[in-house]
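Descriptive structure summary
Okay, here's what each chain looks like letter by letter:
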Amino acid sequence: TIQQCISTNFGFVLSRQLDGDWHRLGRDVKQSINDLKTLSSLFHYLIEYDCVQFWRLLQGVKAMSAASRSPSYWMLQDAGENLFRLAKERVFRLVAAAPDKKNASGDGRPELKLKQVLEDKPKEVLLHQVLTEVENRWNARVRKAQKEAKEGSGSSFPATPASANVLLMVKDERTLRSVRSYLSSGGGKRATSENFLNYLEQVVDKVKPMLRPGGHNQDSLPAEQRLLFEEHSRVKKYLFGADARNQYNQLVEEDRKKLLDWKRKHRRVVEEKTRGVGTGGADTIRQKAYLEVAVEES
């Protein structure tokens, strides 16, 4: 049932039940099973990751499917197309710049502009509400203690910074980085904007080779690609200012080196896990590993 897919380790249970007969299954059946595992994982990632990370994850899953000998069928269905469309609209939308303004191609279509959406992450909204409530209650107790101290009634409430700590328990290291980034940015959209800038960096890396002499000019690019390319410089300037370009480029290079190092270690771990495992179990481990790579790249 749908509830079992959401509430249990669906992929592990399914693999255990089919491991003995995995070699008898056809390619289409195996691919359908892997698709179910991927969709079950995507449901959890939808809750855990912000809108930009989830959109980049979907693009990574789509790229892996396109490079696979057995592409995922769910992406070709209407529900799959809706998933990609809605995930993108949580990040940005293309809207008409003005009702009477036409684009430069002369085909009569309206000129488009990019509108940032950057939908708030549900868990971060709840975290902000909880921390705000804790802060309000703390301030109320401090004010009450200060009032009692002035009246001479005394108070045993320790109104010191050391007694004002809040302990947050998280699931894993990635969640820890996300929460730390969100809190250090003041609880606003800066963390999501930084993830959006990382996504725009990927777009720029793909577009730059096309803009070399003899290739496309910027106006001949597809509208979405051109607007994302133009948005990159605006987002970078908003986040880091005009004088912080070298610092940002250094941070990007460090992140790329960390990702390459992680991929090498992850590849060795996957090889060790698949040794001595049945065919069905090995395929499950590899499928999960592909998804983990897409998650880390997001």
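Shown above is the structure to which this text applies.
Below or above, wherever it landed, is the structure these notes cover. Residue numbers here run from 1 along each chain, matching the order of that chain's written sequence. pLDDT decides what is reported in this predicted model: residues at 70 or higher carry local features, side-chain atom pairs at 80 or more are listed and counted, and totals for whole chains, interfaces and linings draw on all residues regardless. Excluding hydrogens and water, the side-chain values take into account all heavy atoms of the structure.

Overview of the side chain of H232
Relative to the helices and strands, H232 is located in helix α9 (residues 223–240). Residue classification places H232 among the buried positions, given a relative accessible area of 9%. In this analysis, two residues are considered to be in contact whenever any of their non-hydrogen atoms come within 4.5 Å of each other. When neighbours within four sequence positions are excluded, H232 is seen to be in contact with L197, L200, E201 and V204. What counts as a helix is a DSSP run of H or I of at least four residues, what counts as a strand is a run of E of at least two, and both are numbered from the N terminus. The buried label goes to any residue with under 20% of its type's maximum accessible area, the exposed label to any with over 50%, and the partly exposed label to all in between, with areas taken from a 1.4 Å probe on protein chains only.

Focus: the packing of helix α4 (residues 51–67) against helix α5 (residues 78–89)
Lines fitted to C-alpha atoms define the axes, with helix axes restricted to the stretch in contact, and inter-axis angles between N-to-C directions lie between 0 and 180 degrees. Running from amino to carboxyl end, α4 crosses α5 at an angle of 145°, the nearest separation of the two axes being 9 Å. Between α4 and α5 lies a crossing of left-handed hand. Contact residues: F54, W55, L58 and K62 in α4; L83, F84, A87 and K88 in α5. Definitions for this section: a left-handed crossing has its near helix turned counterclockwise from the far helix by less than a right angle. A right-handed crossing has that turn clockwise.

Regarding the pattern of salt bridges
By definition here, a salt bridge exists when the distance from a side-chain nitrogen of Lys or Arg to a carboxyl oxygen of Asp or Glu is within 4 Å. Scanning the entire structure with this criterion turns up 12 salt bridges. A salt bridge links R234 to E231, with the shortest nitrogen-to-oxygen separation between them at 2.9 Å. You can see R234 and its partner E231 sitting in helix α9, three residues apart, about one turn around the helix. Across the salt bridge formed by K265 and D261, the nearest N and O atoms sit 3.3 Å from each other. Note that K265 and D261 are positioned in helix α10 (residues 245–274) at a spacing of four residues, about one turn of the helix. Each member of the salt-bridge network shares a partner with another, and the members are E111, R226 and E230.

What about the packing of aromatic side chains?
Planes of paired rings set the category: under 30 degrees apart is stacked, over 60 is edge-to-face and the rest tilted, where pairs are Phe, Tyr or Trp rings (Trp by its six-membered ring) whose centres lie within 6.5 Å. Scanning the entire structure with this criterion turns up three aromatic pairs. For the pair W74 and F84, a centre-to-centre distance of 6.1 Å together with 15° between the ring planes defines the contact as stacked. Residue W74 is found in the loop between α4 and α5, and its partner F84 is found in helix α5; the two are separated by 10 residues along the sequence. According to the relative accessible area criterion, W74 is buried, its value standing at 9%. An angle of 25° between the planes, with centres 6.3 Å apart, marks the rings of F196 and Y199 as stacked. Note that F196 and Y199 are positioned in helix α8 (residues 190–207) at a spacing of three residues, about one turn of the helix. Like F196, the residue Y199 is buried in the burial classification. Between K62 and the ring centre of F84, over which it is positioned, the NZ or CZ distance is 5.2 Å. Geometrically, a lysine NZ or arginine CZ counts as sitting over a ring once it is within 6 Å of the ring centre and also within 35 degrees of the ring normal.

Keep in mind these values describe shape, not function.
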